[in-house]
Amino acid sequence: MKVITANRLLDGEVVWLGPDGKWVEVVGDARVFEEASELQQVLQSETVSEERQEVVGVYEIEVAYKDGRLTPTRLREAIRALGPTTHPYLGKQARPESPAA
Amino acid sequence: MYRYDEFDQEFVNERVAQFKDQVRRRLSGDLTEEQFKPLRLMNGLYLQLHAYMLRVAIPYGTLNARQMRKLAHIARSYDRGYGHFTTRQNIQFNWPTLADTPKILEELAEVQMHAIQTSGNCIRNVTSDQFAGAADDEFADPRVYAEILRQWSSLHPEFLFLPRKFKIAITGAPQDRAAVQVHDIGLQLTQNAQGEVGFVVFVGGGLGRTPMVGRKVRDFLPEKDLLSYCEAILRVYNRYGRRDNKYKARIKILMHETGLDALKQEIETEFEAVKHTFLDLPREEVERINAYFAPPAFETLPAVSENFEAEKRATPVFADFVHRNLNGHKAPGYASLTISLKPIGGAPGDASDEQMEVIADLAERFGHDEIRVSHEQNLVLPHVKLDDLPTVFKILQANGLATPNAGLVTDMIACPGMDYCALANARSIPIAQEISQRFHDIKRQQDVGDLKIKISGCINACGHHHVGHIGILGVDRKGEEFYQITLGGSADQNTSIGKIIGRGFPANEIADAVETVVEAYLQNRVGPEETFIETYRRVGDAPFKEALYGTV
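Residues numbered from 1 in each chain as written. Chains lettered and ligands numbered in written order. Predicted model: local features only at pLDDT ≥ 70, side-chain atom pairs only at ≥ 80, totals over all residues. Heavy atoms only, no water.

1. Considering the overall build of chain B
Of the regular secondary structure elements, chain B holds 18 helices and 21 strands. For chain B, the C-alpha atoms occupy an extent of roughly 60 × 60 × 55 Å along the three principal directions. Within chain B, residue pairs in contact and separated by at least 24 positions form 68% of the contacts whose partners lie at least 6 positions apart. Of the accessible surface of chain B, which amounts to about 20600 Å², a share of 50% is contributed by carbon and sulfur atoms. (Helix = DSSP H or I, 4+ residues; strand = E, 2+ residues; numbered from the N terminus. Contact = heavy atoms within 4.5 Å. Areas by Shrake-Rupley, 256 points an atom, 1.4 Å probe, with all protein chains shown as cover.)

Structure, rendered in structure tokens:
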């Protein structure tokens, strides 16, 4: 199970590709790919192209449902999804809408 | 300290304008990320895990109160209220936006600061002794030569696209506090039998995945040849350094593969061609730069301050603080004060905007308007009167800045690690925090004495783990953070690369392992006067191995 991630060009914010082709700020809102072929098709499409001036560094990551929530499986990606583990009051984890807040 | 002349200021202003235009073109789509990335890196702007990161140069770690206040202002206005001081004596902001960066650089230029050459394959910020111009063991102020090297290396047309980055460090004291032997070029100020100033020159030191101690190429390089000789080294490196493999591209690999004698010969041949050209350093130019670093007008004071001694007797926490955080000063009645950025359980090297403001105020009121950044990620007020220390201490204490741990086990170097860094394989800061908590008791720290723990979250070794008395390297083992311990490293005048002691430890066991190593030292030392590194060098690996892994 995979999602597509990147950093937003303007401010570096970590984003994931949402179901409607827009980039979203919460991993739980990301479009989940079960099929490798479908994932590759989107990765090669105009939707995620850096030429659209929206994001940089597009790549896929592994996710899983943990306690009912979509969570990146690798620690690095989990940290990207929340913020620095040493500063819980910084990054996405500190936002009111965050499940970790 | 050095002040920009019209050329410096114009150069920095032009560069800001240029970058502003580059950002505009990037945002409008005229530049692709592939085209823009090298341009932003040349201006110190990285993209890390959560956001952009801006690395601002602090030349040879010297800044004044106005500059520190500007850093505080940037932390508050464009970032998240803090900055991270690094082992390169620079500061990093972890959360700026791309759109704000030109404005930040404009603000920095107002106080004669910039982010040029803090990244990329060029000559980076020249680093030096944090006690330069103040230390009682200093032979000459290394910042004069660091500044000359800065001017020579800034936008040097031949050396902007080197095989890899290039770092120069310089010290003016026999006690090397600038780790010169683990830099691409290390310079140690010295004098010859005729009393002339010159340098011992080391080449090919470095950390990263292939740690090497620099090899001595000159016992005495005359002052006037400084730039010609460095030019010769860089030309040889630029010509022969490998460009096919970034992991083998540093000059340390060239030194290793070519051999000391052959490389030295190449450098000397090139030097013959370069010397006596326009790069000869005239004595008048050295004097001109030297004038910028003239010591402040120190008062004539007795070596012993009654006020200071009385406070030590009356206030044990003050006595603890000055016992560790002062360094001997060349002027009687003065000291250099280390302000530790390693509070118990804190993130090494972080300072809040308020703390930066407090330190700027202290520098102005009590410190001749000078502040230093140490490569050990602390701040220093180099010139403080002993008489003033009780007052300074109270202000530091009120602002969480009076941790009395300089050089002790909790005064650790740690890279940002996987909490921020896109290259890291494991976290560093939480490990430092846990070790810090373990050894929070100051009496225990004092009993352990001088001990340098250095932590890196990947093999690039930004946390200098190879030269830690105890080094910790975070690696990724099948998706889990895992930590290797090295022992016996050192970055002073007796530089050594630490040896891996045995198998590594998972994150939840590494603090225990460090404690075990420290306990083994306490059991094996001949007495409190024998430091950790001295004990290790005397007894070797065996007792530590046994303590960690049992008899094998």
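2. Side note on the overall build of chain A
Helix and strand content of chain A: 2 helices and 5 strands. Here the C-alpha radius of gyration of chain A, 13 Å, is about what a compact globule of 101 residues would show, namely 13 Å. Based on the C-alpha atoms only, the size of chain A along its principal axes is roughly 35 × 30 × 20 Å. Looking at chain A as a whole, 43% of its 101 residues are labelled buried. Taking contacts inside chain A between residues at least 6 apart in sequence as the whole, the part at least 24 apart equals 47%. Between the mean site of the 12 positive side-chain charges and the mean site of the 17 negative ones, chain A shows a separation of 4 Å. (Rg over C-alpha atoms; globule rule 2.2 N^0.38 Å. Buried < 20%, exposed > 50% of the residue type's maximum accessible area, 1.4 Å probe, protein only. Lys, Arg positive; Asp, Glu negative; His and termini not counted. Charge placed at Lys NZ, Arg CZ, Asp CG, Glu CD.)

3. Considerations on the packing of aromatic side chains
Residues and elements named next belong to chain B. Evaluation of the coordinates by the stated rule reveals 15 aromatic pairs over all chains. Measuring from centroid to centroid gives 5.2 Å for tyrosine 229 and phenylalanine 271, while their planes differ by 75°, and the two rings are edge-to-face. Taken together, the residues span a long stretch of sequence, with tyrosine 229 in helix 6 (residues 226-240) and phenylalanine 271 in helix 8 (residues 260-274) at a distance of 42 residues. For tyrosine 229, a relative accessible area of 0% corresponds to the buried category. Consider the rings of phenylalanine 505 and tyrosine 549, whose centres lie 5.9 Å apart with planes at 10°: the pair is stacked. Placement of phenylalanine 505 in strand 21 (residues 505-506) and of tyrosine 549 in helix 18 (residues 542-549) is noted, with a sequence separation of 44 residues between them. (Phe/Tyr/Trp six-rings, centres within 6.5 Å; stacked < 30°, edge-to-face > 60°.)

4. Observations concerning the domain arrangement of chain B
Accessible area lost when the parts come together is the quantity often used to give the size of an interface. Residues and elements named next belong to chain B. On domain assignment, one finds that chain B holds domain 1 (6-110), domain 2 (127-292), domain 3 (306-398) and domain 4 (413-549). The distance between the C-alpha centroids of domain 2 and domain 3 comes to 32 Å. Taken together, the contact pairs 13 residues of domain 2 with 14 residues of domain 3. Among the residues domain 2 hides against domain 3, the three largest losses belong to Gln130, Phe131 and Ala134. Together they make up 52% of the total. Here domain 2 and domain 3 share 2 salt bridges between them. Between arginine 143 and glutamate 370 there is a salt bridge, with its nearest N and O atoms 3.4 Å apart. Linking domain 2 to domain 3 there are 7 residue pairs in polar contact (both at pLDDT 80 or more). Here the residues of the side of domain 2 that touches domain 3 sort into 6 nonpolar, 2 polar and 5 charged. (Domains from an automatic or database assignment. Buried area = accessible area lost by both parts, 1.4 Å probe. Salt bridge = Lys/Arg side-chain N within 4 Å of Asp/Glu carboxyl O. Polar contact = N/O pair within 3.5 Å; in protein donor to acceptor, adjacent residues only side chain to side chain. Nonpolar A, V, L, I, M, F, W, Y, C, P; charged D, E, K, R; others polar.)

5. Focus: the UniProt feature "domain: Nitrite/sulphite reductase 4Fe-4S" (unreviewed entry) in chain B
Residues and elements named next belong to chain B. In the numbering adopted here, UniProt assigns the feature "domain: Nitrite/sulphite reductase 4Fe-4S" (unreviewed entry) to residues 119-272 and 410-525. Segment residues 119-272 splits into 31% helix and 18% strand. End C-alpha atoms: 31 Å apart. For residues 410-525, helix accounts for 28% and strand for 22%, while the C-alpha atoms at its two ends are 20 Å apart. (UniProt positions renumbered as here; feature names shortened; annotations may be inferred.)

6. A short note on the interface of chain B and chain A
Taken residue by residue, the interface counts 29 residues in chain B and 23 residues in chain A. Summed over both partners, the interface of chain B with chain A buries about 2100 Å², with 61% contributed by carbon and sulfur atoms. For chain B, the biggest contributors to the area lost against chain A are B:Leu49, B:His50 and B:Met418; these three give 25% of the whole. Run the count over chain B and chain A and you get 0 salt bridges. Inspection of the chain B/chain A interface yields 9 residue pairs in polar contact (both at pLDDT 80 or more). At the level of secondary structure, the elements contributing two or more residues to the side of chain B that touches chain A comprise helix 1 (6-28) and helix 14 (429-438) of chain B. Examining the composition of the side of chain B that touches chain A, we find that 3 residues originate from one element, helix 14 of chain B, more than from any other. Split by residue class, the side of chain B that touches chain A holds 16 nonpolar, 5 polar and 8 charged.

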